[in-house]
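Residues per chain are reported as follows:
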Amino acid sequence: MRRHVPGLHAGDQNHDSQLQGLFLVRVDAASYRWHPQKPFFSLRFVVLEPESFATRSFSGRLYASERALWKLNWFLRDFGYDPELFGRDQVDEKALLNLRGVIRTSPIAFNGHAYQNLDSFATAADWEELSCVTLSEKPKRERR
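Residues numbered from 1 in each chain as written. Predicted model: local features only at pLDDT ≥ 70, side-chain atom pairs only at ≥ 80, totals over all residues. Heavy atoms only, no water.

A. Quick look at the overall build of the protein. If you tally the helices and strands in the protein, you get 4 helices and 5 strands. In sequence order, the secondary structure elements of the protein are arranged as β-β-β-α-α-α-β-β-α. Counting over 144 residues, the protein shows a buried share of 31%. Contacts in the protein between residues far apart in sequence, at least 24 positions, make up 51% of those at least 6 positions apart. As displayed, the protein offers around 10200 Å² of accessible surface, 50% of which is attributable to carbon and sulfur atoms. (Helix = DSSP H or I, 4+ residues; strand = E, 2+ residues; numbered from the N terminus. Buried < 20%, exposed > 50% of the residue type's maximum accessible area, 1.4 Å probe, protein only. Contact = heavy atoms within 4.5 Å. Areas by Shrake-Rupley, 256 points an atom, 1.4 Å probe, with all protein chains shown as cover.)

Below is the structure:
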C-alpha cells in the first residue's frame, strides 16, 4: 500500500517545525499511549491563526497520570470537549478530533530529543483578545 507523506522529499526539517508562541489550533489527530508510569495522549494540531503559520502542524503530549490530570482537564474544558463524556471521566479519541482552541507552545529538548511543550490553553472565543495582547507586547520585547 502506498501512503502520501507530505514534506517527505524536503528532508529533515525538525528544527523548522518547532513553534513558539500563541496559536489558534484544531486537533487533527489524537491517540492514547499507555505507559506504566506516564500514560499520555499524543495530539497533532494544525495551526489556524496567525495567518503566517496557517496549515503548519505540530505534535504534543498531554499526560494522563494522576499528577498531570489537571493539565488534561484544562485542555479538555478550554477546547470544548463533550461535557457528557467529561462528566463520565471518559476521553474518546474520535471526540477530540476537530476541537479548536488556543495553545501557547514552546520547544523543549529532553534527552537529546526535541518536543513541543504545551504550556497553556484558552478557548477559541478568546483568540481575538489574546492575539491582540500578544501583538501589542511584541514591540516592548524588541526594544529591550
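Continuing now.
B. Region of the structure containing the environment of aspartate 82. Within the secondary structure layout, aspartate 82 lies in the loop between helix 1 (69–78) and helix 2 (83–87). With relative accessibility at 34%, the residue aspartate 82 sits in the partly exposed group. The sequence separation of aspartate 82 and leucine 99 amounts to 17 residues, and the corresponding C-alpha distance is 9.9 Å.

C. Quick peek at the sheet that holds strand 4 (residues 100–110). An order of 3-2-1-4-5 is seen for the 5 strands of this open sheet, with the pairing classed as antiparallel. Edge positions in the sheet fall to strand 3 (57–63) and strand 5 (113–123), since each has one partner strand and no second. When the angles between neighbouring strand axes are averaged without regard to direction, this sheet yields 45°. Where strand 1 (residues 21–33) and strand 2 (residues 40–49) come together, 9 bridges link them in antiparallel fashion. By the bridge assignment for strand 2, alanine 29 is matched with arginine 44. Across the face of the sheet, helix 1 comes into contact with strand 1, strand 2, strand 3, strand 4 and strand 5 while running at roughly 55° to strand 5. (Pairing = 2+ DSSP bridges. Axes fitted to C-alpha atoms, helices over the stretch in contact; angles between N-to-C directions.)

D. Seen up close, the packing of aromatic side chains. One pass over the full model with this rule turns up 12 aromatic pairs. On the numbers, 6.2 Å between centres and 25° between planes, the contact of tryptophan 70 with tryptophan 74 is stacked. Here tryptophan 70 and its partner tryptophan 74 are both found in helix 1, 4 residues apart, which amounts to about one turn of the helix. Take tryptophan 70: its relative accessible area is 55%, and that puts it in the exposed class. Classification of tryptophan 74 by relative accessible area gives partly exposed; the value is 28%. Where phenylalanine 75 meets phenylalanine 121, the ring centres are 5.4 Å apart and the plane angle is 65°; that geometry is what we call edge-to-face. Taken together, the residues phenylalanine 75 in helix 1 and phenylalanine 121 in strand 5 connect sequence positions 46 residues apart. (Phe/Tyr/Trp six-rings, centres within 6.5 Å; stacked < 30°, edge-to-face > 60°.)

E. Structural context of helix 1. Of the positions making up helix 1, those classed as buried are Lys71, Leu72, Phe75, Leu76 and Asp78. Just beyond helix 1, the residue with positive phi is glycine 80, at close to 75°.

F. Spotlight on the pattern of salt bridges. Here the structure, examined in full by the defined rule, presents 3 salt bridges. Among the salt bridges present, the one from aspartate 28 reaches arginine 26, with a minimum N-O distance of 3.4 Å. Relative accessible area serves as the criterion here: at 30%, aspartate 28 is assigned to the partly exposed category. With its nearest N and O atoms 2.7 Å apart, the salt bridge here joins arginine 44 to aspartate 28. Placement of the pair is arginine 44 in strand 2 and aspartate 28 in strand 1, with a sequence separation of 16 residues. Since its relative accessible area comes to 36%, arginine 44 is described here as partly exposed. Linked through salt bridges whose partners overlap, the residues forming this network are Arg26, Asp28 and Arg44. (Salt bridge = Lys/Arg side-chain N within 4 Å of Asp/Glu carboxyl O.)

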